[in-house]
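# Notes for the structure review
In case you want the letters, here they are:
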Amino acid sequence: MTTKSPSPLLKHLDQKPPRILYHYTSLEVLEKITRTGELWASDIEFLNDSDEYVNAKKFIRQELERRVIFNDKLRDIVHSHVGQMVHELDHLDTYVTSFSTEGDSLPQWRGYCPNGQGVAIGFLPASIKSGELGPIAEDYQRVDLKLLKCAYTSKEKSRLLDIHLNHFLGLVDQHHGTDSMEPGTFLGALTETCCPFFNNESFIEESEWRLSFRCWDRNVPLREFHVGRSTVIPHLQVNLKRNYRLDFIKEVVIGPTPNQNLAYMGVKTLLNRRDLSGVEVRHSHIPYRT
């Protein structure tokens, strides 16, 4: 099952990922991942920036309004399409897992890891992209996940949207006076593609990539739940096992901790026990007291 999106896909987002992508988490989660071979993709509405989905739709609407402000012929039609898009995409049922290109980042140690128990797990992007969702309601099927780079600044987002919004306006003009659904379908697909990857500029230092899954048909994977800092969070299980081997982890960076030697020994022993002795383990170089 492949996620629908405009073609060609936004070129900036569809970049080749770096050699390793890091997921900041706790020692407890590291233990679970190495035991089960699973990552969790959380409901995007429960992310740290709770307004980013709303802001992404708002940004696209403002960009379109700016383009048709002096065009009486298109303005009302575009407003109608935008209103319909906002209504239909009120809840996109999208799940994501976040990664960073930075493996030793103080803001992320502080923001995503418990004091003294943080790790940055370095994953191989190819293994992440080949993950499977499960369990599935009726059967267990392979799915195609998106692994794309986030966009942060208004200038960057405008540049990415430019050719696609112009194409949408061309469709509106072409199908003016008809019952064609093509313009609205294109705008909805564009927004669905951008929303998970249009991040708030205040998070730019995170250098984030996201693994995103959009539920499309009736055969929806069963949700699981975990407890966050202040709420219960729905998530999907993403199985990263390939050929029945846990070969998807390349490196583990141990975050700031008062017991560096013991932390190192514990992580190495865990990895050896899970047949991951080839995984590199290193300490954070940041002098941060937990």
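Look up: the structure comes first, before these words.
Every chain is numbered independently, its residues counted from 1 as its sequence is written. pLDDT decides what is reported in this predicted model: residues at 70 or higher carry local features, side-chain atom pairs at 80 or more are listed and counted, and totals for whole chains, interfaces and linings draw on all residues regardless. Working from all heavy atoms in the structure, the side-chain values ignore hydrogens and water.

Moving on, we get to the pairing of strand β10 (residues 249-254). Counting buried positions over the 6 residues of β10 gives 5, a clear majority of the element. At least two bridges found by DSSP between two strands are what make those strands a pair. Counting from the N terminus, the helices are the DSSP runs of H or I reaching at least four residues and the strands are the DSSP runs of E reaching at least two. Bridge analysis of strand β4 (residues 118-123) against β10 gives 5 bridges, and the strand direction is antiparallel. Among the inter-strand pairings, Ile 121 is bridged to a residue of β10, identified as Val 252. Judged from the 4 bridges that link them, β10 and strand β11 (residues 280-283) form a sheet pairing that is parallel. The partner of Ile 254 across the bridge, within β11, is His 283. On the question of chirality, the crossover connecting β10 to the parallel β11 by way of helix α8 (residues 260-273) is right-handed. The rule is simple: take the accessible area with a 1.4 Å probe, protein chains only, and divide by the maximum for that residue type; under 20% is buried, over 50% is exposed, in between is partly exposed. A clockwise course of the path from the first strand over the helix to the second, judged with the strands pointing away from the viewer, identifies a crossover as right-handed.

All right, on to the packing of aromatic side chains then. Classification of ring pairs uses Phe, Tyr and Trp, with its six-membered ring standing for Trp, and accepts pairs whose centres are within 6.5 Å; under 30 degrees between planes counts as stacked, over 60 as edge-to-face, and the remaining range as tilted. Tallied over the full model, the rule gives 4 aromatic pairs. Taken together, a centroid distance of 4.9 Å and an interplanar angle of 75° make the contact between Tyr 24 and Trp 109 edge-to-face. Separated by 85 residues along the polypeptide, Tyr 24 in strand β1 (residues 21-26) and Trp 109 in helix α4 (residues 106-112) bring together distant segments of the chain. Look at Tyr 24 and you get buried, because its relative accessible area is 7%. Ring centres 5.8 Å apart and planes at 10° place the aromatic pair Phe 123 and Phe 248 in the stacked group.

We count a salt bridge whenever a side-chain nitrogen from Lys or Arg sits within 4 Å of a carboxyl oxygen from Asp or Glu. Scanning the model with the defined rule gives 11 salt bridges in all. Between Glu 208 and Arg 210 there is a salt bridge; the shortest N-O distance is 2.7 Å. In this pair, the class of Glu 208 matches that of Arg 210, namely buried. For the salt bridge of Glu 251 with Arg 282, the shortest nitrogen-to-oxygen distance reads 2.4 Å. Here Arg 282 lies in strand β11 and Glu 251 lies in strand β10, a separation of 31 residues in the sequence. Classification of Glu 251 as buried rests on a relative accessible area of 5%. For Arg 282, a relative accessible area of 23% translates into the label partly exposed.

Quick look at the state of the cysteines now. Disulfide: a pair of cysteine sulfur atoms within 2.5 Å of each other. In total, this model carries 0 disulfides according to the counting rule given. Looking at Cys 194, it has no disulfide partner, and the nearest cysteine sulfur is the one in Cys 195, 7.2 Å off.

Okay, the environment of Asn 200 next. Along the chain, Asn 200 turns up in the loop between α7 (182-194) and β7 (208-214). On a C-alpha basis, the gap between Asn 200 and Ala 56 in space is 8.9 Å, while along the polypeptide they are 144 residues apart. Among the polar contacts listed, one links the side chain of Asn 200 to the side chain of Ser 202, at a separation of 2.8 Å. Two N or O atoms count as a polar contact when they lie within 3.5 Å, although within protein this holds only if one can serve as hydrogen donor and the other as acceptor, and sequence-adjacent residues are included solely when both atoms are side-chain atoms.

This brings us to the packing of helix α1 (residues 27-36) against α8. To obtain each axis, a line is fitted to C-alpha atoms, and for helices this fit is confined to the stretch in contact; angles are then taken between N-to-C directions over 0 to 180 degrees. Running from amino to carboxyl end, α1 crosses α8 at an angle of 15°, the nearest separation of the two axes being 10 Å. Considering their axes alone, α1 and α8 lie roughly parallel with respect to each other. In the crossing of α1 with α8, the sense of the turn from one axis to the other is right-handed. Where α1 approaches α8, its residues Leu 27, Leu 30, Glu 31 and Thr 34 are matched on the opposing element by Val 267, Leu 270 and Leu 271. Tallied by class, the residues present in the contact of α1 with α8 amount to 5 nonpolar, 1 polar and 1 charged. Note that the term roughly parallel is reserved for angles under 35 degrees, roughly antiparallel for angles over 145, roughly perpendicular for angles of 65 to 115, and oblique for everything else. Here a crossing is taken to be left-handed if its near helix is turned anticlockwise relative to the far helix by less than a right angle, and right-handed if that turn runs clockwise. What makes two residues a contact is simply this: any of their non-hydrogen atoms within 4.5 Å. Amino acids are sorted into nonpolar (Ala, Val, Leu, Ile, Met, Phe, Trp, Tyr, Cys and Pro), charged (Asp, Glu, Lys and Arg) and polar (every other residue, Gly among them).

Time to look at the environment of Val 29. Along the polypeptide, Val 29 turns up in helix α1. Assessed through its relative accessible area of 26%, Val 29 is described here as partly exposed. Residues Val 29 and Trp 40, 11 residues apart in the sequence, show an inter-C-alpha distance of 10.0 Å.

Turning next to unusual backbone geometry. Positive phi outside glycine occurs at Ser 207, with the angle close to 45°. Mapped onto the elements, Ser 207 comes out in the loop between α7 and β7. Take Ser 207: its relative accessible area is 24%, and that puts it in the partly exposed class. In this structure, Asp 275 is a non-glycine residue whose phi angle is positive, near 60°. For Asp 275, the location among the structural elements is in the loop between α8 and β11.

Here we take up the nonpolar core. Throughout this description, the term nonpolar core refers to a set of buried Ala, Val, Leu, Ile, Met, Phe, Trp, Tyr and Cys residues connected via side-chain atoms within 4.5 Å. Phe 99, Phe 123, Ile 249 and Val 252 are the most contacted members of the largest nonpolar core, which has 29 residues in total. A per-element tally of this core places α8 first, with 4 residues. Apart from residues lying up to four places away in sequence, Phe 123 is in contact with Arg 19, Ile 20, Leu 21, His 23, Ile 33, Leu 39, Phe 99, Ile 128, Leu 240, Phe 248 and Ile 249. One finds Leu 64, Phe 168, Val 172 and Phe 186 within the second-largest nonpolar core, a separate group that totals 24 residues.

Read these as spatial facts, not as claims about activity.
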